[in-house]
Amino acid sequence: MNQEQSHLMLPSDSAWLALERPENPMTITIMLRVDGLTAGRFREFLDVYWTAWERFLCRPVWKAPAWYWQKDPTFSVSHHLDVVIDRFDQHQLQDWVSARLNEPLPRYRPGWKFWLAPNAQGGAALLLRLHHCYADGLSLLGIFSTLCPPSPRQYPAIYGAAELPQLERWTTYARQWLGNMAAQAGQVSGAIPDDGPTKGAGHAGRALEASARVVHELSEFLAEPADTPSELRRPLLGRRSCRWSEPLALDRFRAVASATHTTINDVLLACVAAAVRPRLGMSPEQLDDAVMHAAVPVDIRSRMPEGVRPEDGEPGNCFGTVFVPMPVDGASALERLFRIKHETRKLKKSWQPGIAWGLTASAALLPEVGRKPLADLFFRKASAVVSNVPGTPETRYLAGCAITEQMFWVPQAGDIGLGVSIVSYAGQVQFGVVADEAILANPHEFLDDCLSELDQFPGGLST
């Protein structure tokens with residue numbers, strides 16, 4: 001694709017440009033600790049492998065009334081890599097990463113950049129910041145899984161993807177999918193197919209059931225109450241800081257889940273609920289009536305029709321959002337855990353992630369005056385974003401060097417100023433937090449409370 005062959009972005013990608021704000025940009029951040037990675041090895045990795053995805057050579061360009069992908073005619077890997085030779089200790093590294101989070105990505109180049117600190121204590125630190133319009137977290141994990149094999153002597157076998165115009169195909173399949181749903185719903189009005197009244201009645205019944213469920217799910221989504229005003233709902237300053245925990249054994253979380261007949265995800269969310277509770281700035285009486293949700297991204301690829309769903313290894317944005325009520329009024333660790341279990345069971349088969357994905361994708365199609373009501377519909381329903389990122393169970397190697405840790409932060413969006421990341425990789429779990437300075441002055445204390453909650457559960461004590 002050359003500059004003259006620029007093409008329209010898909011609505012699911014351009015939505016992240018339409019909804020962002022200057023004080024809260026839609027940028028994903030990934031940090032890897034890679035033992036022995038040098039600047040020379042990583043430059044070769046970028047030249048050969050990373051840039052094989054043609055999308056990473058393009059930048060989003062606004063041409064009224066839409067966003068386009070356009071190849072950068074001056075692209076050079078050197079524009080997208082900074083090498084820092086400082087010997088950061090852990091505290092200095094966390095401050096350095098926080099500073100990078102506040103460093104804007106230039107709009108006149110493709111919206112991604114790597115920083116490499118090869119001399120950091122504990123192994124080289126590799127940081128990537130990438131605008132959400134390029135890919136969601138699962139797409140990026142798929143790309144890194146492809147490029148980072150499970151052996152230091154193994155090379156990536158299949159990698160890269162051309163950036164081709166897809167809007168026409170995407171729109172065609174989306175219309176067919178919606179048309180089929182409408183046709184099924186139309187049978188409810190009395191049309192009987194040629195294959196007989198009994199089978200026709202079955203079609204009509206299923207269509208009626210599906211239609212009723214769509215209406216019910218959409219009504220529940222729209223009627224979900226906004227979060228109670230709290231210390232987490234302050235106006236944002238636009239300056240963020242981040243921290244991350246030491247790796248914890250995944251078996252600790254597995255032991256708690258087994259002892260309490262819950263899931264690992266339930267345990268992780270309960271730890272977050274415990275850390276959120278004291279930061280709402282509420283008395284026990286106020287907590288009894290408080291409403292607080294966490295916006296949790298959910299992958300919807302398996303629910304999407306062919307033609308709309310990206311191919312394997314193709315970057316894109318295919319997740320919706322569920323708003324999980326957080327039991328901040330819970331008096332004990334077990335009460336919070338079992339109430340989280342109850343809420344996640346209700347949401348497991350919900351259609352709300354798909355509804356949220358569709359509403360988000362529509363943002364890019366609306367005039368600017370119509371975007372704020374849509375954004376407010378989402379942003380008032382949550383005080384934090386909590387992402388659970390599943391990495392590979394085995395150690396992976398980047399350019400022949402072992403990845404020892406993997407951290408991930410997603411953007412918070414709108415007026416939400418707190419993001420919590422839970423990352424599993426190679427049998428270990430790490431918590432990460434990123435917060436606007438107006439929301440949390442000391443994000444490391446939030447992490448301490450997450451880890452303290454784990455010790456309150458049966459089987460959760462470290463040995």
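Residues numbered from 1 in each chain as written. Predicted model: local features only at pLDDT ≥ 70, side-chain atom pairs only at ≥ 80, totals over all residues. Heavy atoms only, no water.

Turning to the sheet that holds strand 1 (residues 7-8), a few remarks are in order. Taking strand neighbours across the sheet as the criterion, the three strands line up as 1-4-3 in an open arrangement whose pairing is antiparallel. Across the chains shown, the open sheet's two edge strands, defined by having one partner strand only, are strand 1 and strand 3 (58-63). As paired strands, strand 1 and strand 4 (residues 66-71) are joined by two bridges and run antiparallel to one another. Within the sheet, the bridge partner assigned to His7 lies in strand 4 and is Trp69. (Pairing = 2+ DSSP bridges. Helix = DSSP H or I, 4+ residues; strand = E, 2+ residues; numbered from the N terminus.)

Moving on to the pairing of strand 4. Pairing geometry for strand 3 and strand 4, over six bridges, is antiparallel. What sits directly across from Pro60, in strand 4, is Trp69. Hairpin geometry of strand 3 and strand 4 is characterised by an intervening segment of two residues between the two adjacent antiparallel strands.

For the rest of this paragraph, the subject is empty space enclosed by the protein. Remark: the empty space left among the atoms is shown by a probe the size of a water molecule rolled over them. Tallied over the full model, the rule gives five cavities of 30 Å³ or more. Approximately 100 Å³ is the volume found for the largest cavity. As for the largest cavity, its lining consists of 16 residues, of which Leu10, Val308, Pro310, Pro315 and Gly316 are closest to the centre. Listing elements by their share of the lining of the largest cavity, those giving two or more residues are helix 1 (11-18) and helix 5 (167-186). Residue composition of the lining of the largest cavity, grouped by class: eight nonpolar, four polar and four charged. In terms of domain composition, the lining of the largest cavity takes at least three residues from each of domain 1 (6-165) and domain 2 (221-393 + 404-456). (1 Å grid on protein atoms, 1.4 Å probe; cavity = no way out; pocket = protein on both sides within 12 Å on 5 of 7 lines; lining within 4 Å. Points joined across faces, edges and corners; volume = space filled by probe spheres on them. Nonpolar A, V, L, I, M, F, W, Y, C, P; charged D, E, K, R; others polar. Domains from an automatic or database assignment.)

In this structure, Pro443 sits in helix 13 (residues 443-454). Once the C-alpha coordinates of Pro443 and Trp244 are considered, the two residues, 199 residues apart in sequence, prove to be 9.0 Å apart. Beyond its immediate sequence surroundings of up to four residues, Pro443 is in contact with Ser241, Arg243 and Val433. (Contact = heavy atoms within 4.5 Å.)

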